[in-house]
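Here's the letter readout for the chains.
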Amino acid sequence: QVQLVESGGGLVQTGGSLRLSCAASGRTFSIYRMGWFRQAPGKEREFVAAINWSGGNTYYADSVKGRFTISRDNAKNTVYLQMNSLKPEDTAVYYCAASYYSGSAYYQNSRYDYWGQGTQVTVSS
């Protein structure tokens, strides 16, 4: 089992920044990839960004490319999502996820095996 705990959400004005953290614990040695997803009210959960635990390859949704940066600290078993130039449409609950899957469908919810409880991000206009 792997446990994921997110932190860092909050309320920010348009154009502001936030950094989300996701601390992983448990049997993390076999995790291949970590991802961030988000879900706005009335919408489906969508992919935001992902990073391979080893090697550090990163992947982004087009909507956040150039504004968000995903990174990891292997020693701390922690993944971060630095969010800059935030927009009201970024408002959502953000979820951290862990996956054993090493294929190319990193953007699919179903490829992730463990999920955090979510952290709210609200961007005011």
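The following paragraphs examine the structure supplied in this document. Since we're looking at a predicted model, the values are computed, not measured. In every chain, residue numbers begin from 1 and rise along the written sequence. Totals for whole chains, interfaces and linings use all residues, but because this is a predicted model, local features are given only for residues with pLDDT of at least 70 and pairs of side-chain atoms are given and counted only at 80 or more. Heavy atoms throughout the structure, all of them, feed into the side-chain values; hydrogens and water do not.

### Section: the pairing of strand 9 (residues 92-99)
Logical step 1: We call a residue buried when its accessible area falls under 20% of the maximum for its residue type, exposed when it is over 50%, and partly exposed in between, using a 1.4 Å probe and counting protein chains only. Starting at the N terminus, helices and strands are each numbered in turn, a helix being any DSSP run of H or I of at least four residues and a strand any DSSP run of E of at least two. Among the 8 residues of strand 9, 7 are classified as buried, and the element is accordingly described as predominantly covered.
Logical step 2: Only strands that DSSP links by at least two bridges are regarded as paired with each other. Pairing of strand 9 with strand 11 (residues 119-124) involves 3 bridges; the strand directions are antiparallel. Looking at the pairing, tyrosine 94 lines up with threonine 119 of strand 11.
Logical step 3: In this structure, strand 9 lies alongside strand 10 (residues 114-115), joined through 2 bridges in antiparallel fashion. Following the sheet pairing, alanine 97 is matched in strand 10 by tryptophan 115.

### Some words on the pattern of salt bridges
Logical step 1: What counts as a salt bridge is simple: a side-chain nitrogen of Lys or Arg found within 4 Å of a carboxyl oxygen of Asp or Glu. In this structure the tally under the stated criterion is 4 salt bridges.
Logical step 2: Among the salt bridges present, the one from arginine 38 reaches glutamate 46, with a minimum N-O distance of 2.6 Å.
Logical step 3: Arginine 38 sits in the buried class, given a relative accessible area of 5%.
Logical step 4: Given the relative accessible area of 35%, glutamate 46 is considered partly exposed.

Note that all results are geometric; they support no functional claim without further evidence.
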